[in-house]
Amino acid sequence: MSGQANAVLLGGDAGVGKSRLLAELVTISRSAGATVFTGRCLDVDEAGLPYLPFVEALGRLTESQRAVAAKWPVLRRLMPGLTPAEPVESTMEQLRLFDAVGGLLSELAEQQPALIAIEDLHWADASTRDLVLFLVSRLYKQRILFVGTYRVDDLHRRHPMRPMLGELSRLAGVDILELKPFDKVDAVAFVQALADGALPSETVSKIAERSEGNAFFCEELTAAYGDSAGVPSGLAELLLARVERLSANGRKVVRAASVASQTATHASLAAVSGLDDDVLEESLRQAVQLHVLVAADGGYTFRHALLREAVYGDLLPGERVRLHAAYAGVVTSQALLAYHSFRSHDLPGALAASVRAAEQAGKMGALGEKLRHVEQALELWNVVPQPEESGTTELALVKMAAMAAHATGEIDRAVDYARSAVALADELGDPEPQAYTRTQLALALLPLEDRTQDIQSIVEQAWDLVRDRPASVARARTLALHAREWVWLWDVDVDLAEMEGFAKLAIADARQVGEPAIEVDAMATLAVFAEWAGDVEDSIKLGLAASDRAAAIGAYDVELRARKNTSVVLWTHNRREEALRLMESISRRSAEVGLTWGLTGIDARMELVCMRYAICDWAGALAAGDDIAGASTVARCRVLAPTLWVLAAMGDFDRIDKLAAKLAQGTDDPLSHQIASIGLAEAAIWRGDPRAAVDHVHTMFGHMATLTRPSVTDTMMATAIGLWALSDIAAEARVRRDTAAVEAAVIEGETLADNATELVPQTSVGRKYSEENHAETAAFTARVAAELSRLRGQDDMRLWEAACSSTFGSEYWKANAGWRWASALLAAGDRDKAAEQALSAYSSAVSLGAAPLRDALTVLARRGRITLPGTTAEPTTFLTPRELAVLELVASGLTNKQVGDQLYISQKTASVHLSRVMAKLGATNRTEVVSIAYDRGLLSR
């Protein structure tokens, strides 16, 4: 209701009261006018139905809500009774589905607050867990409360929900609570309320003790005593007490329902139980009246999941097999067919159904379920006679498993399956699958970032296998991958002409075998190479053509990537307006195709903040950084991180502190922290703590060392800021005549500059060439040279002039360099030129709202007797500006000679100004004059 999104994960033992508590919350929320979505998970080990709780929740949408949902056609995959319009086989398509669910919930929440209540998350399938994590991680300012329940006692050490809880526990606005059983006093009070005086206090105490505070056990024990059915001797007997009171046919129906694994329809119960309709109806009525079954959603479920488990566990082995076989004959879901076939010992049928279930899960974008079904099929492969009759091969299954594991982020499993696929392909001895599986292994290894030589060797093996063969999918795929070897050989002098040749051959082969996705992927690679070769216009044209072609065939990830690459090319070559427009179009387009927070969508939004910062549209940069509703934690942090650069330049230190704390809490993502450290370093300088600034730069270098391809521009920017801080430290040490401190600062600065070179490629790969010729990189490189000169006590005017005349085009950094150049000019006695630079820099600082730079220029002007426009005299003090400047420096502990050096006046003149101040304030010595000045408010402590 307050407009703040939150999530609660409520855990507890089975029967402790989670469902009852959630039901009360649902009732209260509905009465308060909230929109409520409810869903329940089933046992994933049995059915594995993807997105079941969300299918259930969306199935209850009103007509007006369905009209809103129609804006996202992809939601048809989760709407009961509708067939997906297109297959869903990739993480991109799954992301579109997730983005659509999040968009629908957010839009409905704008109309009225929304509660999403999901029960039994411990049974959630992998796809449901992924969707829950996606939605919760994107809660920001929507009026949404997500509540999920799960059984703590079901979470064994390797339970798949444990990693999800770990991820969620790190998110702000997420509370993980555990509902404990009643203590003895509360358990007795609860049983007394249930019994309503019908049981003696001795029995009430016994029930409370036996229940161990479990609310459900309290209810069941109380009901058993109340019905004079006796007290069950154990948990199973307790749960079966009411079942035993049913008629023979009633028990038969309940036993049949326990095998269903989900809501049992009337038709399926009739087929499996073999009872006539009238007998079946009477038996069901009895089971409902005695609170064993509950009529819901066109079928019947158990009043509590523990009841179903107890009844199922009580079945005889032969009875269980027979009932599963009966269900296998009536279910329509391939997932359920695989489950029932397996449980009824029909292993060939289970294998065939598992294969089909995997295919169906893939089409729904339920990649986790696809992997589970494929793995079950692989387990059955060697125990089923003639497994090929299932319609596939072992190699095809292993390749499918590798792809599904890779798509779901199971990198180690993907690598293992890909290696197995290579081994199986090698047994066949056919070069085509041998090459294809090797490209799959190379792609699986890429995220590990430390397998450079392995990947290169594998790609070369693949190429050797198909080099002399005719065009094929495997050959085209190998060529396209070979053309991108600069991705994993970042610091190796790769042969650009050779890579171009691979890309062109990939395009030719892809066209010949009818694989447009491979063709457009290679086109996007060629666009990169064109820029490296200096053919900027060709790079732009080819990149946009690749983007258009990818859009036409639905390869949206390639479309966005090609657009982003083209925008970066435009920006690199100072076509900033075009670059900015194209980057903004990527932001819009990613939302249109359901990939708002896909990798390229995140990168585009982060780049928009950086671009607007560079052109000094700081309001626009902050607005772009705030456009993060629905973003994941990592996405949110990456987009927010560069806003620290803006806040540092503006001097908004309170916001910096708050945002830095959020980033530190929110993610371990090294890229986010690397970018944020740059802003924190500059902020520390402006706050008068250059040592902290240097520490931030060292921290930033540590983060960059973990990245596969650190940014050359960011490296030089951070180096410039670090040397700026060390130069300030050295300057202060020189005033104190602390030679050792000066020498230490110089050594640290020179080491810092050397370390920066180690973070970037040392060979002439194209991207290194491109980044080193990047206008921003060139500007910060010039600043590094100038700061090194200042650090060494030289302050070379030519270097500062070069830093000010850079083609970077950032008014802020030009003004920042102008401030330092003006200071150097004053020290050299060129007051007129210093005034010219100071006035220009001051004007820029004022117009930009760069308060720290403006204040620094004001101090410089006062010390150099430079008049700045718009400045006023010192407020209500009888001290002249020069006298006040002297007083401030004396208060800082400087001698008269040091004061003179700072103000560019002689020691004698500084002494005269100090004598006048002492006379005006009635002081007799330096200590007394400083004390009086503080008392009168002339100095701030």
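The coordinates are above.
The model shown is predicted, which means the values in this text are computed figures rather than measured ones.

J.: Hey, could you go over the packing of helix α39 (residues 775-791) against helix α40 (residues 797-804) for me, with residue numbers and the actual values?
T.: Interhelical geometry of α39 versus α40 gives an angle of 150° and a closest axis separation of 8 Å. Here α40 runs roughly antiparallel to α39, going by the angle between their axes. The way α39 lies across α40 gives a crossing that is left-handed. Here A782, R783, A785, A786, E787, S789 and R790 of α39 lie close against α40, whose contacting residues are L799, W800, A802 and A803. Here the residues of the contact of α39 with α40 sort into 7 nonpolar, 1 polar and 3 charged.

J.: Explain the sheet that holds strand β6 (residues 264-265) to me, and be specific about the residues and the numbers.
T.: Read from one edge to the other, the open sheet built from 3 strands follows the order β6-β8-β7, with strand pairing classed as antiparallel. This sheet does not close on itself; its edge strands, each paired only once, are β6 and β7 (293-296). Across the face of the sheet, helix α13 (residues 277-289) comes into contact with β7 and β8 (299-302) while running at roughly 105° to β7.

J.: Now, about the state of the cysteines: what can you tell me, with residues and values included?
T.: A disulfide bridge is the covalent bond that connects two cysteines by way of their sulfur atoms. Per the stated rule, a full pass over the model turns up 0 disulfides. Summary of cysteine pairing: C804 is not part of a disulfide, and the nearest cysteine sulfur, belonging to C616, is at 14 Å. Among the residues examined, C804 registers a relative accessible area of 6% and is labelled buried.

J.: If you had to explain the pairing of β8 to someone new, which residues and values would you point to?
T.: Where β6 meets β8, 2 bridges bridge the pair, whose relative direction is antiparallel. The partner of T265 across the bridge, within β8, is G299. Here β7 runs beside β8; their pairing, made up of 4 bridges, is antiparallel. Directly across from V294, in β8, lies its bridge partner T301.

J.: Please give an account of the pattern of salt bridges that cites residues and values.
T.: Side chains that carry opposite charge are capable of pairing whenever their charged atoms lie near each other. As enumerated under the stated definition, the model contains 38 salt bridges in all. A salt bridge links D728 to R820; the shortest N-O distance between them is 2.7 Å. Taken together, the positions of D728 in helix α36 (residues 712-735) and R820 in helix α41 (residues 811-827) put the pair 92 residues apart, joining distant regions of the chain. The class of R820 is buried, set by a relative accessible area of 10%. Overlapping salt bridges, with partners in common, bring together D728, R783, E787, R790 and R820 in one network.

J.: How would you summarise the side chain of S789 if you had to cite specific residues and measurements?
T.: Topologically, S789 is positioned in helix α39. For S789, the residues in contact, after removing those within four places along its chain, are Q794, D795, D796 and L799.

J.: Tell me about unusual backbone geometry, and name the residues and values.
T.: Phi is positive for N574, which is not a glycine, with a value near 65°. Of note, the phi angle at Y904 is positive, near 60°, even though the residue is not glycine. Mapped onto the elements, Y904 comes out in the loop between α45 (896-903) and α46 (907-921). Take Y904: its relative accessible area is 24%, and that puts it in the partly exposed class.

J.: Now, about the packing of aromatic side chains: what can you tell me, with residues and values included?
T.: We describe a pair of aromatic rings using the distance from one ring centre to the other and the angle between the two ring planes. Scanning the model with the defined rule gives 13 aromatic pairs in all. Ring centres of W686 and W724 lie 5.2 Å apart, and the angle between their planes is 80°; this geometry places the pair in the edge-to-face category. Placement of the pair is W686 in helix α34 (residues 670-686) and W724 in helix α36, with a sequence separation of 38 residues. Both residues of the pair, W686 and W724, belong to the buried class. The interplanar angle of 85° and the centroid separation of 6.4 Å between the aromatic rings of W724 and W813 together place this pair among those described as edge-to-face. Note that W724 is positioned in helix α36 and W813 in helix α41, a separation of 89 residues in sequence. Neither W724 nor W813 differs from the other in exposure class; each is buried. Among the aromatic residues, those joined into a cluster by ring pairs are W618, W686, W724, F780, Y812, W813 and W819. For R477, the ring lying beneath its charged end belongs to Y436, and the centroid distance is 4.5 Å.

J.: Pulling in residues and values, what's your account of the environment of K814?
T.: By secondary structure assignment, the location of K814 is in helix α41. Overall, K814 belongs to the exposed group, its relative accessible area being 52%. Sequence spacing of K814 and A661 is 153 residues, and the spatial spacing of their C-alpha atoms is 30 Å.

J.: Could you give me a rundown of a negative patch on the surface, with the residues and numbers involved?
T.: Taken together, the side chains of D276, D277, D278 and E281 make up a negatively charged region of the molecular surface. Here D276 is to be found in the loop between α12 (266-273) and α13. When its relative accessible area of 53% is taken as the criterion, D276 is described as exposed.

J.: Please provide a residue-by-residue account of empty space enclosed by the protein, values included.
T.: The method is simple in principle: a probe with the dimensions of a water molecule rolls over the atoms, and the space it marks as empty is what remains. For the structure on display, the rule yields 2 cavities of 30 Å³ or more. What the second largest cavity holds in volume is close to 50 Å³. Elements with a minimum of two residues in the lining of the second largest cavity: α2 (52-58), α4 (91-111) and β3 (114-119). A per-element tally of the lining of the second largest cavity places α2 first, with 3 residues. In terms of residue class, the lining of the second largest cavity is made up of 8 nonpolar, no polar and no charged.

J.: Describe the packing of helix α35 (residues 690-704) against α36, listing the residues and the values that go with them.
T.: Between α35 and α36, whose axes approach to 8 Å, the crossing angle comes to 155°. Relative to α36, the element α35 is oriented roughly antiparallel. Where α35 crosses over α36, the two elements pack in a sense that is left-handed. Contacts between α35 and α36 involve P690, R691, A693, V694, V697, M700, F701 and M704 from the first element and D714, T715, A718, T719, G722, A725, L726, D728 and I729 from the second. The class makeup of the residues in the contact of α35 with α36 is 11 nonpolar, 3 polar and 3 charged.

Rules behind the numbers
- Residues numbered from 1 in each chain as written.
- Predicted model: local features only at pLDDT ≥ 70, side-chain atom pairs only at ≥ 80, totals over all residues.
- Heavy atoms only, no water.
- Axes fitted to C-alpha atoms, helices over the stretch in contact; angles between N-to-C directions.
- Helix = DSSP H or I, 4+ residues; strand = E, 2+ residues; numbered from the N terminus.
- Parallel < 35°, antiparallel > 145°, perpendicular 65-115°, else oblique.
- Left-handed = near helix turned anticlockwise from the far one by under 90°.
- Contact = heavy atoms within 4.5 Å.
- Nonpolar A, V, L, I, M, F, W, Y, C, P; charged D, E, K, R; others polar.
- Pairing = 2+ DSSP bridges.
- Disulfide = S-S within 2.5 Å.
- Buried < 20%, exposed > 50% of the residue type's maximum accessible area, 1.4 Å probe, protein only.
- Salt bridge = Lys/Arg side-chain N within 4 Å of Asp/Glu carboxyl O.
- Phe/Tyr/Trp six-rings, centres within 6.5 Å; stacked < 30°, edge-to-face > 60°.
- Lys NZ or Arg CZ within 6 Å of the ring centre and 35° of its normal.
- Patch = residues over 30% accessible without salt bridge, like charges linked within 9 Å, V, L, I, M, F, W, Y side chains within 5 Å.
- Areas by Shrake-Rupley, 256 points an atom, 1.4 Å probe, with all protein chains shown as cover.
- Lys, Arg positive; Asp, Glu negative; His and termini not counted.
- Charge placed at Lys NZ, Arg CZ, Asp CG, Glu CD.
- 1 Å grid on protein atoms, 1.4 Å probe; cavity = no way out; pocket = protein on both sides within 12 Å on 5 of 7 lines; lining within 4 Å.
- Points joined across faces, edges and corners; volume = space filled by probe spheres on them.

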